[in-house]
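Chain residues, written in single-letter form:
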Amino acid sequence: QKEVEQDPGPLSVPEGAIVSLNCTYSNSAFQYFMWYRQYSRKGPELLMYTYSSGNKEDGRFTAQVDKSSKYISLFIRDSQPSDSATYLCAPDSGGSNYKLTFGKGTLLTVNP
Amino acid sequence: DSGVTQTPKHLITATGQRVTLRCSPRSGDLSVYWYQQSLDQGLQFLIQYYNGEERAKGNILERFSAQQFPDLHSELNLSSLELGDSALYFCASSAGPELHFGNGTRLTVT
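Thresholds, definitions, all that
Residues numbered from 1 in each chain as written. Chains lettered and ligands numbered in written order. Predicted model: local features only at pLDDT ≥ 70, side-chain atom pairs only at ≥ 80, totals over all residues. Heavy atoms only, no water. Contact = heavy atoms within 4.5 Å. Buried area = accessible area lost by both parts, 1.4 Å probe. Salt bridge = Lys/Arg side-chain N within 4 Å of Asp/Glu carboxyl O. Helix = DSSP H or I, 4+ residues; strand = E, 2+ residues; numbered from the N terminus. Nonpolar A, V, L, I, M, F, W, Y, C, P; charged D, E, K, R; others polar. Pairing = 2+ DSSP bridges. Axes fitted to C-alpha atoms, helices over the stretch in contact; angles between N-to-C directions. Phe/Tyr/Trp six-rings, centres within 6.5 Å; stacked < 30°, edge-to-face > 60°. Buried < 20%, exposed > 50% of the residue type's maximum accessible area, 1.4 Å probe, protein only. Disulfide = S-S within 2.5 Å.

1. Observations regarding the interface of chain A and chain B
Facing 17 residues of chain A, the contacting portion of chain B comprises 19 residues. Carbon and sulfur atoms make up 55% of the surface buried where chain A meets chain B, a total of about 1,600 Å² over both sides. Run the count over chain A and chain B and you get zero salt bridges. Of all the elements in the fold, those that place two or more residues in the side of chain A that touches chain B are β4 (32-38) and β5 (45-51) of chain A. At four residues, the largest contribution of residues to the side of chain A that touches chain B is made by β4 of chain A. Looking at side-chain class alone, the side of chain A that touches chain B contains nine nonpolar, four polar and four charged residues.

2. Here we look at the sheet that holds strand β3 (residues 19-25) of chain A
Residues and elements named next belong to chain A. The sheet built from five strands is open, its strands ordered β1-β3-β8-β7-β6 with antiparallel pairing. Each edge of the open sheet is held by one strand with a lone partner, namely β1 (4-6) and β6 (54-58). Within this sheet the neighbouring strands show an average axis-to-axis angle of 15°, counted without direction. Strand direction decides the pairing type here: strand β7 (residues 61-66) and strand β8 (residues 71-76), joined by six bridges, are antiparallel. Opposite Ala63, over in β8, you have Leu74 as the bridge partner.

3. A closer look at the packing of aromatic side chains
Per the counting criterion, the structure on display carries 12 aromatic pairs over all chains. A centroid spacing of 5.6 Å and a plane angle of 50° characterise the contact between Tyr35 of chain B and Phe101 of chain B, whose relative ring orientation is tilted. Placement of the pair is Tyr35 of chain B in strand β4 (residues 31-38) and Phe101 of chain B in strand β10 (residues 100-101), with a sequence separation of 66 residues. With a centroid separation of 6.4 Å and an interplanar angle of 70°, the aromatic rings of Phe64 of chain B and Tyr89 of chain B are classed as edge-to-face. Residue Phe64 of chain B is found in strand β7 (residues 64-68), and its partner Tyr89 of chain B is found in strand β9 (residues 87-94); the two are separated by 25 residues along the sequence. Here Phe64 of chain B and Tyr89 of chain B have matching classes, each one buried. Through a chain of ring-to-ring contacts, three or more aromatic side chains come together here, namely Tyr36 and Phe102 of chain A together with Tyr35, Phe45, Phe90 and Phe101 of chain B.

4. Quick notes on the state of the cysteines
Applying the stated criterion to the full structure yields two disulfides over all chains. Each disulfide pairs two cysteine sulfurs, and for Cys23 of chain A the partner residue is Cys89 of chain A, the sulfurs being separated by 1.9 Å. Taking the sign of the torsion about the S-S bond as the criterion, the disulfide between Cys23 of chain A and Cys89 of chain A, at about -100°, is left-handed. In this pair, Cys23 of chain A sits in strand β3 while Cys89 of chain A sits in strand β9 (residues 85-92), placing the two residues 66 residues apart along the sequence. Note on Cys23 of chain A: relative accessible area 1%, which makes it buried. The disulfide partner of Cys23 of chain B is Cys91 of chain B, and the S-S distance across this bridge is 1.8 Å. Sign of the S-S torsion, about -55° for the bond between Cys23 of chain B and Cys91 of chain B, identifies this disulfide as left-handed. Of the two residues, Cys23 of chain B sits in strand β3 (residues 19-24) while Cys91 of chain B sits in strand β9, which places them 68 residues apart along the sequence. With a relative accessible area of 0%, Cys91 of chain B lands in the buried category.

5. Details of the pairing of β9 of chain A
All names here are of chain A. Most of β9 is tucked away, with eight of its eight residues classed as buried. Alternating residues of β9 divide into Ala85, Tyr87, Cys89 and Pro91 and Thr86, Leu88, Ala90 and Asp92, and every residue in both groups is buried. In the sheet, β4 pairs with β9 via seven bridges, with the strands oriented antiparallel. Paired with Tyr36 across the strands is Leu88, a residue of β9. Examined bridge by bridge, β9 and strand β10 (residues 106-111) share three bridges and lie antiparallel to one another. Note on β10: the bridge partner recorded for Ala85 is Leu108.

Interpretation note: all reported values are geometric properties and have no functional meaning in isolation.
Here is the structure:
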């Protein structure tokens with residue numbers, strides 16, 4: 001079983017839709033749960049991260065972590081064409097070596 | 001702008017050759033990471049340096065090597081290149097959990 005599994009999509013939605021992106025992981029030691037966004041021809045950039053279980057909201061974005069089921073979600077409300085990108089989940093165990101294990105990413109297209 | 005600079009942006013070379021990719025981390029960041037991104041494998045961790053010393057190793061081939069210099073810039077050396085080494089190579093730097101990525105070097109091996 002891979003450490004991080006993410007549905008690669010692609011996912012295509014109309015503008016204004018609610019988007020749900022998900023990952024599962026296998027390593028119980030993961031404590032930090034990050035979502036990176038990668039636009040075409042660019043490096044990934046951190047969108048948001050949570051520590052341990054629970055929800056975190058930042059504007060139109062909500063991250064959820066369920067450590068009991070090892071399931072990570074990112075919700076995007078009122079999706080915009082500018083949200084079109086690849087979204088990568090990246091859980092990590094922390095410590096001094098934050099090397100991160102990335103999911104393969106989900107390609108999202110928001111159509112105007 | 002992440003503050004991480006990678007050069008060159010594009011590199012085209014032949015099989016069997018050797019190339020060097022360069023990374024300048026964000027000001028103040030002591031950790032530098034190298035990743036390889038391909039369509040089928042996603043973003044794969046290669047190696048991490050912290051303040052000049054190797055800190056962690058991932059799926060890095062023996063044909064690849066890296067180092068971090070006293071001024072904290074880092075180089076990734078790829079030798080005996082094969083067609084399968086064609087990919088995007090990203091450098092990232094950090095001072096904590098968040099990684100700051102450069103925009104990558106696209107390597108094409110022909």
